[in-house]
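# A structural walkthrough
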Amino acid sequence: MHADKKRIIIKVGTSTLTAGTSKLHLPQITALAQQLAELIKRGDQVALVSSGAIAVGRERLGYPALPKSIPAKQMLAAIGQPRLMNVYEQIFDIYGLKVAQVLLTREDISDRKRYINARNTLESLLEQGVVPVVNENDTVATDEIRIGDNDNLSALVANLVEADLLVILTDQEGIYTANPSRSKDAQLIREVRGAEIPKEIWEAAGGSQNGLGTGGMHTKLQAAEIARRSGTEVVIASGLEPQILQRLVDGEALGTRIYAVVDKLESRKRFMLAGAVPRAGIRIDAGAAAALSEGGSLLPVGISEAYGKFERGDIVRVKDPAGKDCAIGLVNYACEDVKKITGKRSSEIESLLGFAYGDEVIHHNNMTLLG
Ligand code: GLU
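Reading guide: rules and limits
- Residues numbered from 1 in each chain as written.
- Predicted model: local features only at pLDDT ≥ 70, side-chain atom pairs only at ≥ 80, totals over all residues.
- Heavy atoms only, no water.
- Pairing = 2+ DSSP bridges.
- Helix = DSSP H or I, 4+ residues; strand = E, 2+ residues; numbered from the N terminus.
- Buried < 20%, exposed > 50% of the residue type's maximum accessible area, 1.4 Å probe, protein only.
- Axes fitted to C-alpha atoms, helices over the stretch in contact; angles between N-to-C directions.
- Core = buried A, V, L, I, M, F, W, Y, C linked by side-chain atoms within 4.5 Å.
- Contact = heavy atoms within 4.5 Å.
- UniProt positions renumbered as here; feature names shortened; annotations may be inferred.
- Salt bridge = Lys/Arg side-chain N within 4 Å of Asp/Glu carboxyl O.
- Polar contact = N/O pair within 3.5 Å; in protein donor to acceptor, adjacent residues only side chain to side chain.
- Near = heavy atom within 4 Å.
- Areas by Shrake-Rupley, 256 points an atom, 1.4 Å probe, with all protein chains shown as cover.
- Nonpolar A, V, L, I, M, F, W, Y, C, P; charged D, E, K, R; others polar.

## Observations regarding the sheet that holds strand β6 (residues 191-192)
With mixed pairing, the eight strands of this open sheet are ordered in space as β3-β4-β2-β1-β5-β7-β8-β6. Edge positions in the sheet fall to β3 (99-104) and β6, since each of these pairs with one other strand and no more. Sheet topology places strand β1 (residues 7-12) next to strand β5 (residues 165-170); five bridges connect them, and they run parallel. Pairing of K11 across the sheet is with I168, part of β5.

## Some remarks on the pairing of β5
Judged by how many residues are buried, β5 sits mostly within the fold: six of six residues are covered. Covered by surrounding structure in β5 are L165, V167 and L169 together with L166, I168 and T170, the residues of both alternating faces. Bridging between β5 and strand β7 (residues 233-238) involves six bridges; their strand directions are parallel. Across the sheet, residue L169 finds its bridge partner in β7, namely A237.

## Quick word on the sheet that holds strand β12 (residues 325-330)
The mixed open sheet is built from five strands, whose spatial order is β10-β9-β11-β12-β13. Looking at which strands have only one partner, the edges of the open sheet turn out to be β10 (303-307) and β13 (367-369). Here the average twist between neighbouring strands, direction ignored, is 25°. Strand direction decides the pairing type here: β12 and β13, joined by three bridges, are antiparallel.

## Side note on the nonpolar core
When a protein is soluble and globular, its nonpolar side chains tend to lie buried together. One finds I9, L104, V134, I175 and V234 to be the most contacted residues of the largest nonpolar core, which totals 46 residues. If one sorts the elements of this core by residue count, helix α7 (residues 150-161) sits on top with seven residues. Apart from residues lying up to four places away in sequence, V134 is in contact with L48, V49, S50, V102, L104, L122, L153 and V157. L24, A33, A37 and L248 belong to the second largest nonpolar core, which has 35 residues in total.

## Some words on the UniProt feature "domain: PUA" (unreviewed entry) in the chain
Here, the residues flagged by UniProt with the feature "domain: PUA" (unreviewed entry) are residues 280-362. Along residues 280-362 the backbone is 24% helical and 25% strand, and the end-to-end C-alpha distance reaches 14 Å.

## So, the pattern of salt bridges
Scanning the model with the defined rule gives 23 salt bridges in all. Close ionic contact of E241 with R247 constitutes a salt bridge, the shortest N to O distance being 3.4 Å. Across the salt bridge formed by E305 and R283, the nearest N and O atoms sit 2.9 Å from each other. Remark: R283 occurs in strand β9 (residues 276-284) and E305 occurs in strand β10; sequence separation between them is 22 residues. Several salt bridges share partner residues, and in doing so they unite E196, E225, R228 and R229 into one network.

## Looking at the environment of S346
By secondary structure assignment, the location of S346 is in the loop between α13 (335-341) and α14 (349-353). For S346 and E252, which are 94 residues apart along the polypeptide, the C-alpha to C-alpha distance reads 47 Å. Residue contacts for S346: discarding those within four places in its chain leaves L299, P300 and D359. A polar contact is formed between the side chain of S346 and the backbone oxygen of D359, at a distance of 2.8 Å.

## Some thoughts on the site of the ligand
Taken together, nine residues lie around the ligand, and A53, I54, N135, D138 and N150 are the ones closest in. At a separation of 3.2 Å, an oxygen atom of the ligand approaches a polar backbone atom of G52. Within the backbone of I54, one N or O atom sits 2.9 Å away from an oxygen atom of the ligand. For the ligand, the accessible surface in isolation is 300 Å², of which the surrounding protein chains cover 94%. Considering only residue class, the shell around the ligand consists of two nonpolar, five polar and two charged.

Spelled out as structure tokens, the structure:
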């Protein structure tokens, strides 16, 4: 990606998609698609985190009286999600955009194998200029594995793909010092900086609830807190404001902007170092060490030895011929498989292992250089 091009996650809630009504508001979705197309045209990579499955399911069934139970909601999501995707598919197509459905649960992010699968798939989609439309996999997400609200999901997605910016669109202009519908002194909080989000802001965001969506301002602020700690800047703003995305990306002071507390690369490095598998790693030759330092991926041909115990999706250290840790990253193959392909060409992976997860043992997108 070009230096000033950004990777942006946009979260739209049910209230934005329905424009506050009980059904999808197609002009609103059209406006969203048109704005995303503009961003992609200028070279940004964009993913959408979209709610609305349950609301659309309810609309499709003609608003039945249902118990408030999880199975009832899962049923509605199962009905609504394909219809929601169908609407996205058709409207985004007007602007020449391709969409992809990505349904996640908490396990997909906490389990190391699923984490790397989700991450690699999202990476590939973003690099192709396709818009991943992410939602929670509501039909299988029971209490234990649910993320529960799409605000937090959007923060996890921002972490997963190391986004520059997370825009949480809602039906309010941002976070206010008090409830704006009750207090006329309520003021929009324009920005939040510093290591901690001040207590007053947490309090100001407390308890605000809207109709069909799950999250209030509080979950939005929680999401912002997660995202900013891994280097993503967050803006909470009104999805009803015209051309909101361009204006935000251009730096216009709209909504509540919450600055990141760490640099993205620094955050990746800390994450990798904290999670590295002990007493395991990969030794590489001088050619591979040079390739890595120039931004290349680690290919089997440059490996001289894999040692210790690691699985696909684990974080492992990479040692140069002098025995120094030169990189660390998420590995695409388990140790025993790396042993079988050590020194071989990537084109031989499939025949040697009987399967292939790609040419790279560690992709450069999943790696941090050390030293
Ligand atoms: N996943 C839910 C849906 O698509 C929405 C959750 C939320 O609004 O936070 O209906």
